[in-house]
Amino acid sequence: MSRGILTVISGFSGAGKGTLMRRLTEDYDNYALSVSMTTRAPREGERDGIEYFFVDTETFQERVRQGRMLEYACYCGNYYGTPRDYVRDRLDQGRDVILEIEIQGALQVKKLVPDCLLLFVTPPCAGELRRRLEGRGTETPEVIARRLARAAEESEGIEAYDYIVVNDDLEACVRQIHSMVQNAHYTPARQETLIKEIRGELSGFSKGAE
Ligand code: 5GP
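Each chain has its residues counted from 1, running along the sequence as written. A pLDDT threshold of at least 70 governs which residues receive local features in this predicted model, and a stricter bar of 80 or more applies before side-chain atom pairs are shown or counted, although totals over entire chains, interfaces and linings include all residues. Side-chain measures here rest on the full set of heavy atoms in the structure, leaving out hydrogens and waters.

Caption draft 1: Structural detail: the pattern of salt bridges. The term salt bridge refers to a side-chain nitrogen of Lys or Arg lying within 4 Å of a carboxyl oxygen of Asp or Glu. By the definition in use, this model includes 17 salt bridges. A salt bridge links R43 to E139, with the shortest nitrogen-to-oxygen separation between them at 2.8 Å. Here R43 is found in the loop between β3 (36-38) and β4 (52-54), whereas its partner E139 is found in the loop between α5 (126-136) and α6 (141-155), with 96 residues between them in sequence. For every residue, the accessible area (1.4 Å probe, protein chains only) is compared with the maximum for its type, and the residue is labelled buried under 20%, exposed over 50%, or partly exposed between those bounds. On the accessibility criterion, E139 (15% relative accessible area) is buried. Salt bridges sharing common partners tie together R40, R43, E46 and E139. To qualify as a helix, a DSSP run of H or I must reach at least 4 residues; to qualify as a strand, a run of E must reach at least 2; elements of each kind are numbered from the N terminus.

Listed below in structure tokens is the structure:
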């Protein structure tokens, strides 16, 4: 069994990443979503251990000190981080693991796991982004303004990603991301056994031809 692909999905707050990820796990079997740890307060309807593990700053920092975070970052005044063991175990089991994290974390993951896939999800235009953030009705105008300012900063880092996914049609987007992840299974670095076998056979042929 080959190791799973680690995919990092980033994108502006309000780009629709959460819905995309949920659909990926509903439509296909092989995905495991990592549940992050955060010091942000739960939004209405969010449950501990499902959307996030909600912890205080002291607990978060202790996890970091113990080396139990694959990556972490501070985003709009709160810490967010990816528990290392969950990700490693699922990849070892051959599952394709998806992290939905912001750009600083994405860059840390790329350094640690160079063959991971970095996808950046964006709505078709910035106006649509503002409409989606306002339409959610869960954030105050100050928080929306902060998130839009942060989106402007994040837009500067898009070139670090492997692919951009424009989220204007949910169904098309889910299929597109799934193909990208499945294609990543076929890079030569992930097909070492096949390559070795073919080389072995070919060298057998050329010996026979001598
Ligand atoms: P939200 O507060 O809207 O749930 O998330 C805010 C931002 O934090 C989003 O851009 C999200 O992708 C990012 N985020 C969520 N979990 C993690 C994590 O474990 N690590 C990092 N670096 N960012 C995260």
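Next, the rest of the story.
Caption draft 2: Summary view of unusual backbone geometry. If you check the backbone angles, C76 has positive phi at about 45° while not being a glycine. Topologically, C76 is positioned in the loop between β5 (69-75) and β6 (78-83).

Caption draft 3: Highlighting the side chain of D96. Assignment of secondary structure puts D96 in strand β7 (residues 96-100). Counting rule for charge: Lys and Arg are taken as positive, Asp and Glu as negative, and neither His nor the chain ends is counted. There is no salt bridge for the buried D96, and the closest opposite charge comes from R190, which lies 6.5 Å off by N-O distance. A 3.5 Å cut-off defines polar contacts: any pair of N or O atoms within that distance qualifies, except that in protein one atom must be a possible hydrogen donor and the other a possible acceptor, and neighbouring residues in sequence count only when both atoms are side-chain atoms. A distance of 2.8 Å separates a polar atom in the side chain of D96 from the backbone nitrogen of I5.

Caption draft 4: A look at the packing of aromatic side chains. Here a pair means two rings of Phe, Tyr or Trp (six-membered ring of Trp) with centres within 6.5 Å. Their orientation is stacked below 30 degrees between planes, edge-to-face above 60, and tilted elsewhere. Here the structure, examined in full by the defined rule, presents nine aromatic pairs. Relative to Y80, the ring of Y75 lies with its centre 5.9 Å away and its plane at 85°, an arrangement referred to as edge-to-face. Of the two residues, Y75 and Y80, both sit in the buried class.

Caption draft 5: Structural context of the layout of surface pockets. The definitions used throughout rest on a 1 Å grid laid over the protein atoms alone, on which a cavity is an enclosed set of points accommodating a 1.4 Å probe that cannot get out and a pocket is an open set flanked by protein within 12 Å on both sides along at least five of seven lines; lining residues are those having an atom within 4 Å of a point. Grid points are joined across faces, edges and corners, and a volume is the space filled by probe spheres set on the points. Looking at the largest pocket, its volume works out to about 1,100 Å³. Elements represented by at least two residues in the lining of the largest pocket include exactly α1 (17-27), β5, β6, β7 and α6. When residues in the lining of the largest pocket are grouped by element, the largest group, five residues, is from α1. Taken together, the residues that form the lining of the largest pocket break down as twelve nonpolar, twelve polar and 14 charged. For this scheme, ten residues count as nonpolar: Ala, Val, Leu, Ile, Met, Phe, Trp, Tyr, Cys and Pro. Four count as charged, namely Asp, Glu, Lys and Arg, and the remainder, Gly too, count as polar.

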